[in-house]
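Observations on chain architecture
What follows is each chain in one-letter form.
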Amino acid sequence: MIKHQYDVVIVGAGGAGLRAALEIPEGFSCAVLSKVFPTRSHTGAAQGGIGASLGNEEEDSWEWHMFDTVKGSDYLGDQDAIEIMAKDAVRAIIELEHMGMPFSRTPEGKIAQRRFGGHTRPENPDDPDSKRVAVKRSCYSADRTGHIMLHTLYENCIKQKVHFFSEYFVTDLVMSGKSCAGVVAMDIATSEIHVFHAKAVMLATGGYGRVFRITSNAHVGTGDGFSFVYNNGLPLQDMEFVQFHPTGLWKLGILISEAARGEGGILLNNKGERFMERYAPTVKDLAPRDMVSRAIITEIREGRGFKGSDGTSYVQLDVSHLPKEVLNDKLPEITGFARTYLGVEPTKEPIPIQPTAHYAMGGIPTTVDAEVTRDKKRTTVTGLYAAGEAACVSVHGSNRLGTNSLLDLIVFGRRGGKAIAKFIKDAEFAPLPEDAAERTIARIDTLMNSKGKEKVGALRTELQEKMMEKVGIFRNEKDLTEMTAEIKSLRERYKEVSIDDKGKVFNTDLMEALELGNLIETAEPIIHGALVRQESRGAHSREDFPNRDDKKWLKHTLIYKTDGKPKIDFKPVSITRFQPKERKY
Amino acid sequence: MYNHTGSRGSGAPGWILQRITGVLLFVVVLTHFFVMHANPASGHTYAAVLARMHDPFWKMFDLTFITVGLWHGLNGTWGVFRDYKMKPAVSLTIYGVIILSGIAFWVLGVNTILSF
Amino acid sequence: MKVTLRIQRYNPERDSEPYYQEFIVEAGDEKERILDLLLQVKWKYDGTLTFRRSCAHGVCGSDGMRINGKNRLACSTLLRDVNYKKPIVIEPLPSIPIVKDLIVDMSDFYKKYEAVKPYLINNSPPPEHERYQSNEDAEKLFESAKCILCGCCTTSCPSSWSDENYIGPAALLKAYRFVFDTRDEAADERLDVVDTPDGAWRCHTIFNCVEACPKEINITWHISKLKKRLAEREM
């Protein structure tokens, strides 16, 4: 076992982790741990853009951005946090540009912007109550915005000589009383256990898409950060809100950006109808993701979907009517995906798509400065921070708008970094417990020596299929109760998992087994939250409770792990400027 | 292991020269073939060739041809050899052979041209 | 349909040298990704098979490997892209050290990338708004900025094979990305790095990198632009 001491340890080298690392001042030591080389992080898969009311293409204001985000969140987002994000967005984009990020440009050389789902402005700018129409708010670099942003942030980290530990797999937090004192990690190349003693730890570990079978998420999206927090007795917030992106490539789940619809693409059912006109008459195909995903499933359930050769269903995304220049210059990547993976020529024929598990609205509860909180009174956990998809500030509430995730990373990644920089100046190292790595070592020993019959691949597939079936876009009490029992049994069966690889060098078999454990731990609060919340709000749709119920449920859920049934608590929503209204587009 | 050793001389002059000589060769070789082989009107008899060899214009032309051709060809050859990883002694030997043969052929060629 | 994968294996804890092992896997149709077949081997038949993977759709650059003699990404290569009637040969990227099975040591590759100072250098105080740049100037960067650092190009380059100190196409492409950025002020610093026999001049326009690049970047064209810039500087 090797021990390190750093003022700051950041877990995860995606957008939030890298942005936070850039805030740690010289003279303090900072280590960024990542289970993949930084530019392989999943931020790089984001396509469409970053939302900010620059107003480069048409009039816009941060209040409109804030309103859209609040409304998009189905009023569950904390409005104080959303206000911070919408206001800070413009500065954050300019900062990225100054860091060297190449953006698509307007004829005047400003950052170009395009339309995106749920982003609107009043048709008459002088009358805030006039009908809302789509606004160009998404700042983009063709359809590779996430890739370009991730590389820009990593490049700036190289410039600042940030210390990376690439291919280090974090397995646990080190808690010292009520404070966080570091993390335990495994060097994947050697299987050596490392204990990182730190004054401050930031979890920027991304999402849990791989809990579901059809997902746009990378194989690394295994909910690691959620499970660290959950296993250490800290709560997870609003976990029932899982975003299904409406347009994933059929069968594969690969993301086809909303930018396709922002540039003019439309959704069609098997009758050739532009069905979104019925569900969202004003913004149509640019309705928020939860609504579009539900609409697609409804079309399919009512027999208006297409049937594939394998019996699964899809609808179509048509971009063939768009000018060739738009497809080549603004959407080159996604048209390439359709060609490569489905053999479909998007300039001539529609692309088969289906909703795909995409984003975790819920996560580790934090303050607006990324400090992790432990209860409904927002008491902070000393030394522990979280940002990005792993965190729940909450700016996305029950449904995130497109372009707000990259924005979340750079706004709250930076705020977290700043808060850490302030904290480490005066803070002392919390004492490092003797047994810091014990739990990890025991977990690894068990897996390495197990002769059980269960296999990682099969068990994970079972989890993913059942989650898809019972905790997907539409949910009901029966399915969720069944899934509660199911997860219990999966957890038991996980104890019987054995692995083939007994070696020490790059033991990815062991790593996948550890990740499966994290997936199972993360699935539990998702299921429990969905079971408890007896209403339909944003991405959480209960067939048995089809309406939003502000009287009972305009509150955040907090879920704690216990030996038996998870413990639930509630936290009020911060409502400042906008009172809840019916959500119609 | 990659070890950035800093500037050990730019390859730019060589790269530019290789291109300039390439363009020159294109003209010179085509003219040479046209005059010497393709076009009977230019005279392919002993006497006609001898007369051309005495002409100062054609002397200059041939001097250019041999200089540019040798430089371009041998520089290119050296480039091909440099694609292989060699012990310093081998590489030095090859470099020496290229330089020496270049000088030898040039002297021989120039002598021949100037002897008319 | 049954497909045979012939995979190069090497476990440093057990084997003195690499060997080949064949697996017969079940493929749904010819649109199946090679990556999914490798995952099938790992999850169903042999958990010790080791390779890197993450996004599975060609944007993260983890799974560069040699498939039937060509450097490609396992996740963007489908069965129909190869002759699957015969065993499909899968090997690690050539010419760099093998760590285990299909995993290679990329540290040298990353060192070369860092050598070209891959970050914007502009020491003048920035304006309050963005630095303006025409769309044409921005688009000059997009192709090079597509690079996912998968290593397919550099490990396919004969100049790299013969000279381990050659900075390689990926790093040169990154140098282009910043040298030709109108917002950058340190072109000279970067040009100094590549203006060496082991820098841009080691590129002999063999075009292997262009053929290998899974993002279809015309790397040789970009390197030629760099060479032109170097020549202009010299003159």
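Remember, it's a predicted structure, so these values are computed and weren't measured experimentally.

The rules behind the values
- Residues numbered from 1 in each chain as written.
- Chains lettered and ligands numbered in written order.
- Predicted model: local features only at pLDDT ≥ 70, side-chain atom pairs only at ≥ 80, totals over all residues.
- Heavy atoms only, no water.
- Pairing = 2+ DSSP bridges.
- Helix = DSSP H or I, 4+ residues; strand = E, 2+ residues; numbered from the N terminus.
- Axes fitted to C-alpha atoms, helices over the stretch in contact; angles between N-to-C directions.
- Contact = heavy atoms within 4.5 Å.
- Buried area = accessible area lost by both parts, 1.4 Å probe.
- Salt bridge = Lys/Arg side-chain N within 4 Å of Asp/Glu carboxyl O.
- Polar contact = N/O pair within 3.5 Å; in protein donor to acceptor, adjacent residues only side chain to side chain.
- Nonpolar A, V, L, I, M, F, W, Y, C, P; charged D, E, K, R; others polar.
- Domains from an automatic or database assignment.
- Core = buried A, V, L, I, M, F, W, Y, C linked by side-chain atoms within 4.5 Å.
- Buried < 20%, exposed > 50% of the residue type's maximum accessible area, 1.4 Å probe, protein only.
- Parallel < 35°, antiparallel > 145°, perpendicular 65-115°, else oblique.
- Left-handed = near helix turned anticlockwise from the far one by under 90°.
- 1 Å grid on protein atoms, 1.4 Å probe; cavity = no way out; pocket = protein on both sides within 12 Å on 5 of 7 lines; lining within 4 Å.
- Points joined across faces, edges and corners; volume = space filled by probe spheres on them.
- Patch = residues over 30% accessible without salt bridge, like charges linked within 9 Å, V, L, I, M, F, W, Y side chains within 5 Å.
- Areas by Shrake-Rupley, 256 points an atom, 1.4 Å probe, with all protein chains shown as cover.
- Lys, Arg positive; Asp, Glu negative; His and termini not counted.
- Charge placed at Lys NZ, Arg CZ, Asp CG, Glu CD.
- Phe/Tyr/Trp six-rings, centres within 6.5 Å; stacked < 30°, edge-to-face > 60°.
- Lys NZ or Arg CZ within 6 Å of the ring centre and 35° of its normal.
- pLDDT = per-residue confidence, 0-100.

All names here are of chain C. The mixed open sheet is built from 5 strands, whose spatial order is 2-1-5-3-4. Taken across any chain shown, the strands that pair with only one partner, and hence form the sheet edges, are strand 2 (19–26) and strand 4 (70–73). Along the sheet, successive strands turn relative to each other by an average axial angle of 35°, direction set aside. Sheet contacts for helix 1 (residues 34–45): strand 1 (2–9), strand 2, strand 3 (64–67) and strand 5 (88–91); angle to strand 2, the most-contacted strand, approximately 95°.

A few words now on the interface of chain A and chain C. Facing the 58 residues of chain A at the interface are 68 residues of chain C. In this assembly, chain A packs against chain C so that about 5000 Å² is buried in total across both faces, 52% of it on carbon and sulfur atoms. Area buried by chain A at its contact with chain C is led by R40, H219 and Y341 of chain A, which between them contribute 15% of it. Put simply, chain A and chain C have 6 salt bridges between them. One salt bridge in this structure joins R52 of chain C and E167 of chain A, with 2.6 Å as the shortest N-O distance. Run the count over chain A and chain C and you get 38 residue pairs in polar contact (both at pLDDT 80 or more). Of all elements in the fold, only helix 3 (79–99), helix 4 (145–159), helix 10 (332–342), helix 13 (456–470) and helix 15 (508–532) of chain A reach the threshold of two or more residues within the side of chain A that touches chain C. The dominant element in the side of chain A that touches chain C, judged by the number of residues it contributes, is helix 4 of chain A, at 7 residues. Considering only residue class, the side of chain A that touches chain C consists of 21 nonpolar, 17 polar and 20 charged.

By a widely used convention, the size of an interface equals the accessible area lost when the partners come together. Residues and elements named next belong to chain C. Assigned domains of chain C: these are domain 1 (2–104) and domain 2 (107–234). Computed over C-alpha atoms only, the centres of domain 1 and domain 2 are separated by 29 Å. Across the boundary between the two partners, domain 1 contributes 12 residues, which contact 11 residues of domain 2. Among the residues domain 1 hides against domain 2, the three largest losses belong to N71, L73 and S95. Together they make up 41% of the total. Across the contact surface, domain 1 and domain 2 share 3 residue pairs in polar contact (both at pLDDT 80 or more).

Below, the discussion takes up the nonpolar core. Considering soluble globular proteins, one finds that nonpolar side chains tend to be buried as a cluster. Grouped together as the largest cluster of nonpolar side chains are 144 residues, with contacts concentrated most on L5, L38 and I88 of chain C. The element best represented in this core is helix 3 of chain A, accounting for 10 residues. Among the domains, domain 1 (2–104) and domain 2 (107–234) of chain C are the pair contributing at least three residues each to this core. In contact with I88 of chain C, other than residues within four places in its own chain, are V3, T4, L5, R6, I34, I67, N68, L79, V82 and N83 of chain C.

A few words on the packing of helix 12 (residues 438–449) of chain A against helix 15 of chain A. Residues and elements named next belong to chain A. Their axes nearest at 11 Å, the elements helix 12 and helix 15 cross at an angle of 120°. In this view, helix 12 runs oblique relative to helix 15, as classed from their interaxial angle. Relative to helix 15, helix 12 is oriented so that their crossing is right-handed. Mapping the contact onto sequence places R443, I444, L447 and M448 in helix 12 and L510, A513, L514, G517 and N518 in helix 15.

Once that is clear, we can look at the interface of chain B and chain C. Facing 19 residues of chain B, the contacting portion of chain C comprises 26 residues. With both chains or domains summed, chain B and chain C bury close to 2000 Å², and 55% of this area falls on carbon and sulfur atoms. Between chain B and chain C we count 0 salt bridges in total. Put simply, chain B and chain C have 0 residue pairs in polar contact (both at pLDDT 80 or more) between them. When its residues are assigned to classes, the side of chain B that touches chain C shows 7 nonpolar, 8 polar and 4 charged.

This model, assessed by the stated rule, comprises 12 cavities of 30 Å³ or more. Quantified by volume, the second largest cavity comes out at close to 220 Å³. Lining the second largest cavity we find 18 residues, and of these K35, V36 and M511 of chain A together with R52 and R53 of chain C sit closest to its centre. Residue contributions to the lining of the second largest cavity peak at 4 residues, all from helix 15 of chain A.

Turning our eyes to something else, we now look at the pairing of strand 8 (residues 179–187) of chain A. Residue and element names in this part refer to chain A. In terms of burial, strand 8 is largely enclosed, as 9 of its 9 residues are buried. Where strand 7 (residues 168–176) and strand 8 come together, 8 bridges link them in antiparallel fashion. Note that in strand 8 the partner of M175 across the bridge is C180. The hairpin formed by strand 7 and strand 8 contains 2 residues between the paired strands, and G177 there has a positive phi angle of roughly 65°. For strand 8 and strand 9 (residues 192–203), the ladder comprises 6 bridges, and the chain directions are antiparallel. Residue D187 lies in a different strand from strand 9, and its bridge partner there is E192. A loop of 4 residues connects strand 8 with strand 9, the two strands running antiparallel in sequence, and S191 in this loop sits at a positive phi of about 65°.

Let us look at a nonpolar patch on the surface. The grouping of Y95, I99, L100, I103, W106 and V107 of chain B at the surface amounts to a nonpolar patch, some 570 Å² of accessible area in total. Its place among the elements puts I103 of chain B in helix 4 (residues 88–114).

What follows is about a negative patch on the surface. Residue and element names in this part refer to chain A. Taken together, E59, D126, D127 and D129 make up a surface patch of like negative charges. Inspection of the secondary structure puts D129 in the loop between strand 4 (113–122) and strand 5 (132–139). Residue D129 is classed as exposed on the basis of its relative accessible area, which comes to 71%.

A separate point is the packing of aromatic side chains. In this structure the tally under the stated criterion is 25 aromatic pairs over all chains. Judged by centre distance (6.3 Å) and plane angle (75°), the rings of Y168 of chain A and F196 of chain A are edge-to-face. Of this pair, Y168 of chain A sits in strand 7 while F196 of chain A sits in strand 9, and the two are 28 residues apart along the sequence. Of the residues examined, F196 of chain A reaches a relative accessible area of 0% and is grouped as buried. Counting every residue linked through ring pairs, the aromatic cluster contains F37, Y154 and F164 of chain A together with F109, Y110 and Y113 of chain C. Here the guanidinium or amino end of R400 of chain A rests over the ring plane of Y359 of chain A, the centre of that ring lying 4.0 Å away. Above the ring of W43 of chain C, the side-chain terminus of R460 of chain A is found at 4.2 Å from the ring centroid.

Residue and element names in this part refer to chain A. If you trace the backbone, N270 turns up in the loop between strand 12 (266–268) and helix 7 (276–279). Since its relative accessible area comes to 34%, N270 is described here as partly exposed. For the pair formed by N270 and Y314, sequence separation is 44 residues and the distance between their alpha carbons is 9.2 Å. Ignoring sequence-local partners within four residues, the contact set of N270 consists of G303, R304, G305 and F306. A polar contact of 3.2 Å, which involves the side chain of N270, links it to the backbone oxygen of G303. Of note is the side chain of N270, whose polar atom sits 2.9 Å from the backbone oxygen of G305.

This brings us to the confidence of the model for chain B. Here chain B averages 88 in pLDDT, while 93% of its residues score no lower than 70. Highest mean pLDDT in chain B belongs to helix 4 of chain B (94); lowest belongs to helix 2 (residues 46–54) of chain B (89).

Inspection of helix 3 (residues 135–145) of chain C places A138, L141, F142, S144 and A145 of chain C among the buried residues, and these make up the whole buried set. If you follow the buried residues of helix 3 of chain C, they end up packed against helix 4 of chain A together with helix 5 (168–179) and helix 8 (219–234) of chain C.

Following the sequence through the fold, K146 of chain C ends up in the loop between helix 3 and helix 4 (158–162). We note that K146 of chain C is buried and unpaired, the nearest opposite charge coming from E143 of chain C at a distance of 5.5 Å. Polar side-chain contacts of K146 of chain C include one of 3.0 Å to the backbone oxygen of K215 of chain C. Aside from chain neighbours lying at most four places away, what touches K146 of chain C is R144 and H147 of chain A together with K215, E216 and I217 of chain C.

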